[in-house]
Amino acid sequence: MEGPFSIFKIPLVQSSLWALALALATAIAARVATRILKRYLNQESNPLPSSSIIINIARGVIWATGISVILDACFGVNANALVAALGVGGIAVSLGFQDTLSNLIGGLQVTFMGIVKPGDNIEVGAEAGVVQDVTWRHTTIRDAMGQTVIIPNSIISKTALVHLLPANRVVVPFAVPRVGEDGCAHTQHMDDLAKQLAALALEAGEGVSPVIDGPRVLFSEISELGIRGKIILQVEDTSKTSAAADAIVRAIAALV
């Protein structure tokens with residue numbers, strides 16, 4: 001039996017087995033840390049955005065630490081000395097990856113400064129949409145047509161960024177005649193008119209997607225054309241915002 005097992009007495013084989021075991025332990029630690037971070041970042045009380053760049057950084061730190069331990073403990077390679085030796089070459093490599101580094105730094109800035117986070121409705125240049133994720137290289141948004149738009153992080157950090165109103169916000173302008181069909185002036189019963197419009201909007205909106213806020217009826221002016229205002233509410237499903245607005249317009253059409 002000594003023949004088959006004698007191979008395990010070879011120092012290189014022993015070092016390789018230890019390296020494999022440490023690599024496996026590092027992979028497990030990275031996976032556990034990823035799951036814990038995802039659970040923490042998705043909590044409402046969490047002050048940090050749930051962007052994947054944070055998870056990727058944590059995973060990178062764990063793997064960098066694991067590789068350093070493997071090189072030092074199993075192969076006797078000093079990781080600090082290796083990094084110093086590669087310093088000159090690293091400068092040359094960094095010059096060739098300026099765009100990548102610029103995007104990485106831009107992603108860190110917008111993430112940790114809370115400028116952009118998943119769920120934000122933003123406008124960058126000619127592109128506008130809801131942020132899906134912020135990675136180490138780019139930010140992904142989904143526009144009103146459902147298209148996925150990829151914007152490099154360096155552009156976001158250098159371009160004027162506009163935080164738009166929530167994408168699930170429905171705003172329906174209206175104009176009601178000053179005198180109703182029964183001959184009564186609507187201006188004398190503004191509260192009743194607001195309740196009637198709100199009830200119609202709520203019923204129509206709920207038929208498309210659950211209403212999570214509102215509706216609110218705000219009057220803006222009284223003119224020769226009638227009483228102007230707008231109905232404001234928020235639906236749960238962002239993709240059904242336009243459908244909810246259409247349903248509300250149809251519901252109040254007979255009144256206005």
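That block above? That's the structure.
**Some points on the pattern of salt bridges**
When the charged atoms of two side chains with opposite charge come close together, those side chains can pair.
Moving on, step 1. Evaluation of the coordinates by the stated rule reveals three salt bridges.
Moving on, step 2. Close ionic contact of Lys117 with Asp120 constitutes a salt bridge, the shortest N to O distance being 3.5 Å.
Moving on, step 3. Residue classification places Asp120 among the buried positions, given a relative accessible area of 11%.
Moving on, step 4. Note that Asp246 and Arg250 form a salt bridge whose closest N and O atoms lie 2.7 Å from each other. In this pair, Asp246 and Arg250 both sit in helix H9 (residues 241–252), four residues apart, roughly one turn of the helix.

**As for the nonpolar core**
Moving on, step 1. By size, the foremost hydrophobic cluster in this structure holds 21 residues, and its most contacted members are Val170, Leu197, Ile231 and Ile248.
Moving on, step 2. When residues of this core are assigned to their parent elements, the largest contribution, six residues, is made by helix H8 (residues 190–206).
Moving on, step 3. Sequence-distant contacts of Ile231, defined by excluding residues within four places in its chain, comprise Val170, Val171, Val172, Phe174, Leu197, Ala201, Pro215, Arg216, Val217, Ile248 and Ile252.

**Details of the sheet that holds strand S2 (residues 127–134)**
Moving on, step 1. Across the sheet, five strands lie side by side as S4-S3-S2-S1-S5; this open sheet has antiparallel pairing. Edge positions in the sheet fall to strand S4 (148–152) and strand S5 (161–163), since each of these pairs with one other strand and no more. Each adjacent strand pair in this sheet contributes to an overall mean axis angle of 45 degrees, direction not counted.
Moving on, step 2. Pairing geometry for strand S3 (residues 138–142) and S4, over five bridges, is antiparallel. Its bridge partner lying in S4, Thr139 is registered against Ile151.

**What about helix H3 (residues 52–75)?**
Moving on, step 1. A rise of 1.5 Å per residue sets the reference length of H3, with its 24 residues, at 34 Å; its end C-alpha atoms lie 33 Å apart and thus fit the reference within 8%.
Moving on, step 2. Looking at H3, one finds that the buried residues are Ser52, Ile53, Ile54, Ile55, Gly66, Ile70 and Cys74.
Moving on, step 3. Remark: Gly76 follows H3 within two positions and exhibits a positive phi of approximately 65 degrees.

**Quick look at the pairing of strand S8 (residues 226–235)**
Moving on, step 1. The buried count for S8 comes to eight of 10 residues, which makes it a mostly enclosed element.
Moving on, step 2. Direction of pairing for strand S6 (residues 169–176) relative to S8: antiparallel, over a ladder of eight bridges. Each bridged residue has a counterpart across the sheet, and for Ala175 the counterpart in S8 is Arg228.
Moving on, step 3. Summarising the sheet, strand S7 (residues 211–223) and S8 pair through nine bridges and their orientation is antiparallel. Note that in S8 the partner of Ser223 across the bridge is Gly226.

**Quick notes on the sheet that holds S8**
Moving on, step 1. Reading across from one edge, S6-S8-S7 is the order of the three strands in this open sheet, with antiparallel pairing throughout. Edge positions in the sheet fall to S6 and S7, since each of these pairs with one other strand and no more. Looking at each pair of strands side by side, their axes are set apart by 15 degrees on average, direction ignored.
Moving on, step 2. Against the sheet, H8 contacts S6, S7 and S8, and its axis sits at roughly 140 degrees relative to S7.
Moving on, step 3. Packing of H9 onto the sheet brings it into contact with S6 and S8, and relative to S6 it is tilted by some 20 degrees.

**Points about the layout of surface pockets**
Once rolled over the atoms, a probe with the size of a water molecule shows which space is left empty.
Moving on, step 1. There is about 360 Å³ of room inside the largest pocket.
Moving on, step 2. Contributing to the lining of the largest pocket are 16 residues, with Asp143, Ala144, Ala167, Thr238 and Ser239 lying nearest its centre.
Moving on, step 3. The greatest single-element share of the lining of the largest pocket, amounting to four residues, is contributed by S2.

Here is what the cut-offs are and how they apply
- Residues numbered from 1 in each chain as written.
- Predicted model: local features only at pLDDT ≥ 70, side-chain atom pairs only at ≥ 80, totals over all residues.
- Heavy atoms only, no water.
- Salt bridge = Lys/Arg side-chain N within 4 Å of Asp/Glu carboxyl O.
- Buried < 20%, exposed > 50% of the residue type's maximum accessible area, 1.4 Å probe, protein only.
- Helix = DSSP H or I, 4+ residues; strand = E, 2+ residues; numbered from the N terminus.
- Core = buried A, V, L, I, M, F, W, Y, C linked by side-chain atoms within 4.5 Å.
- Contact = heavy atoms within 4.5 Å.
- Pairing = 2+ DSSP bridges.
- Axes fitted to C-alpha atoms, helices over the stretch in contact; angles between N-to-C directions.
- Expected span 1.5 Å × (residues − 1).
- 1 Å grid on protein atoms, 1.4 Å probe; cavity = no way out; pocket = protein on both sides within 12 Å on 5 of 7 lines; lining within 4 Å.
- Points joined across faces, edges and corners; volume = space filled by probe spheres on them.

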